[in-house]
Amino acid sequence: MTAARRPLVAGNWKMNKTGVEAREYIARLRAHLGETALPADVAICPPFTALEATARAASGSPIRVLAQAVHEAAKGAHTGEISAAMITAAGADGCLVGHSERRAAGETDDQVAARVRAALDAGLQVILCCGESLEQREAGETESWLTGQLTSALAGVRPDEVGAFAIAYEPIWAIGTGRTATPEIAQAACAHVRAVASATLDGDVLRVLYGGSVTPETAGDLMAQPDIDGSLVGGASLDPDAFAAIVRAS
Ligand code: 13P
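Reference entry: report on the structure contained in this document.

1. Some points on the overall build of the chain
Each helix and strand in the chain was counted, giving 10 helices and eight strands. In terms of overall size, the chain behaves like a compact globule, its C-alpha atoms giving a radius of gyration of 17 Å where 250 residues would be expected to give roughly 18 Å. Its C-alpha atoms give the chain principal-axis dimensions of about 45 × 45 × 35 Å. Residues classed as buried in the chain amount to 53% of the 250 residues present. Roughly 10,400 Å² of accessible area belongs to the chain as shown, and the carbon and sulfur atoms make up 55% of that amount. When the 20 positive and 30 negative side-chain charges of the chain are each reduced to one mean point, those points stand 6 Å apart.

2. Some words on the site of the ligand
In the vicinity of the ligand lie 13 residues, with Lys 14, His 99, Gly 176, Ser 213 and Gly 235 positioned nearest. Measuring from an oxygen atom of the ligand, one finds a side-chain N or O atom of Glu 170 at 3.0 Å. Taking Gly 176, its main chain carries an N or O atom lying 2.6 Å from an oxygen atom of the ligand. A total of 310 Å² of accessible area belongs to the ligand in isolation, and the protein chains cover 94% of it. Grouping the constituent residues of the shell around the ligand by class yields four nonpolar, seven polar and two charged.

3. Overview of the pattern of salt bridges
In total, this model carries 19 salt bridges according to the counting rule given. Across the salt bridge formed by Arg 207 and Asp 41, the nearest N and O atoms sit 2.8 Å from each other. Of this pair, Arg 207 sits in strand β7 (residues 207-211) while Asp 41 sits in strand β2 (residues 41-45); the two residues are 166 residues apart in sequence, bridging distant segments of the chain. Each member of the salt-bridge network shares a partner with another, and the members are Glu 72, Glu 81, Arg 102, Glu 107 and Arg 115.

4. Structural notes on the sheet that holds strand β8 (residues 230-233)
Taken in spatial order, the eight strands close into a barrel running β1-β2-β3-β4-β5-β6-β7-β8, and their pairing is parallel. Each strand of the sheet is rotated relative to its neighbour by a mean of 25°, with strand direction disregarded.

5. Structural notes on the environment of Arg 117
Within the fold, Arg 117 resides in helix α5 (residues 109-121). Ignoring anything within four residues of it in the chain, the contact list for Arg 117 reads Gly 156, Val 157, Arg 158 and Glu 161. At 2.8 Å, the side chain of Arg 117 forms a polar contact with the backbone oxygen of Gly 156.

6. Some details on the packing of aromatic side chains
How two aromatic rings sit relative to each other is set out by the distance from centre to centre and by the angle between their planes. Scanning the entire structure with this criterion turns up two aromatic pairs. When the ring of Trp 13 is compared with that of Tyr 25, the centres are 4.7 Å apart and the planes differ by 75°; the resulting orientation is edge-to-face. With Trp 13 in the loop between β1 (8-12) and α1 (19-33) and Tyr 25 in helix α1, this pair connects stretches of sequence that are 12 residues apart. A single burial state applies to Trp 13 and to Tyr 25, both of which are buried. Centre to centre, the rings of Tyr 169 and Tyr 210 are 6.3 Å apart; their planes meet at 50°, and the pair counts as tilted. Placement of the pair is Tyr 169 in strand β6 (residues 165-169) and Tyr 210 in strand β7, with a sequence separation of 41 residues. The class for Tyr 210 is buried, based on a relative accessible area of 0%.

7. Remarks on the environment of Ile 63
Along the chain, Ile 63 turns up in strand β3 (residues 63-67). Looking at Ile 63, the relative accessible area reads 3%, which means it is buried. Sequence spacing of Ile 63 and Ala 85 is 22 residues, and the spatial spacing of their C-alpha atoms is 20 Å. Residues within four places of Ile 63 in sequence aside, it is in contact with Ile 26, Leu 29, Arg 30, Leu 33, Val 42, Ile 44 and Ala 58.

8. Side note on the packing of α5 against helix α7 (residues 142-153)
At a closest axis distance of 8 Å, the pairing of α5 and α7 adopts a crossing angle of 45°. With respect to their mutual orientation, α5 and α7 come out oblique. Residues Asp 109, Val 112, Ala 113 and Val 116 of α5 form the contact with α7, whose participating residues are Gln 149, Ser 152 and Ala 153.

Cut-offs and rules
Residues numbered from 1 in each chain as written. Predicted model: local features only at pLDDT ≥ 70, side-chain atom pairs only at ≥ 80, totals over all residues. Heavy atoms only, no water. Helix = DSSP H or I, 4+ residues; strand = E, 2+ residues; numbered from the N terminus. Rg over C-alpha atoms; globule rule 2.2 N^0.38 Å. Buried < 20%, exposed > 50% of the residue type's maximum accessible area, 1.4 Å probe, protein only. Areas by Shrake-Rupley, 256 points an atom, 1.4 Å probe, with all protein chains shown as cover. Lys, Arg positive; Asp, Glu negative; His and termini not counted. Charge placed at Lys NZ, Arg CZ, Asp CG, Glu CD. Near = heavy atom within 4 Å. Polar contact = N/O pair within 3.5 Å; in protein donor to acceptor, adjacent residues only side chain to side chain. Nonpolar A, V, L, I, M, F, W, Y, C, P; charged D, E, K, R; others polar. Salt bridge = Lys/Arg side-chain N within 4 Å of Asp/Glu carboxyl O. Pairing = 2+ DSSP bridges. Axes fitted to C-alpha atoms, helices over the stretch in contact; angles between N-to-C directions. Contact = heavy atoms within 4.5 Å. Phe/Tyr/Trp six-rings, centres within 6.5 Å; stacked < 30°, edge-to-face > 60°. Parallel < 35°, antiparallel > 145°, perpendicular 65-115°, else oblique.

Geometric descriptors of this kind do not, in isolation, establish any biological role.
Here you go:
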């Protein structure tokens, strides 16, 4: 990261934790992080059913709460989906959009773009996710793939929205595999993400995160890279001790 950009460390709980578990976790994380100034902005992304409990437990703390997904429609016949207004009403501050696990379940580039727009229109913070598969990386297609994902997702984003926006580079081969990208690989990809996004958003302000098997042990070297401004943490964020250590390493 550079001194100009404040790091952002977000924990994506995926399909883990109930509301009761979320309350216990947030109490522990608050105790860990204390009342002193933190080295990074901190966010937790609980499942929809724990959003409200997490937001209540985090109230009055620096911990922000983000949903893991959002639907582009304001309301209607979309079984199992959740609108931007519902996220706000639950007390949350934003959402992830375009996580690879959602894309693998059928979320398209067009939906990602529409969902980014709907979230920003509702005043939500957005962490847009992108990343290539192992096959794409081995075929030398990483940069062109990221360019395509970002160009599509950013088509409707305005330059003045950079403050509400972050992009997480999450190579699919590093997610949940224990195979963290090396700092060099992550840096190169995050620099490319920043370059592509700079066509729309001020690249000096935009926060670009790395995600994929981040642990307390790997966080420091990743965060030391000039184009990595934080992390999106899956498995290691389920333990408040480990997540707090990653925040401290940022
Ligand atoms: P892991 O940290 O478990 O690899 O998950 C990364 C991720 O997908 C965060 O969104």
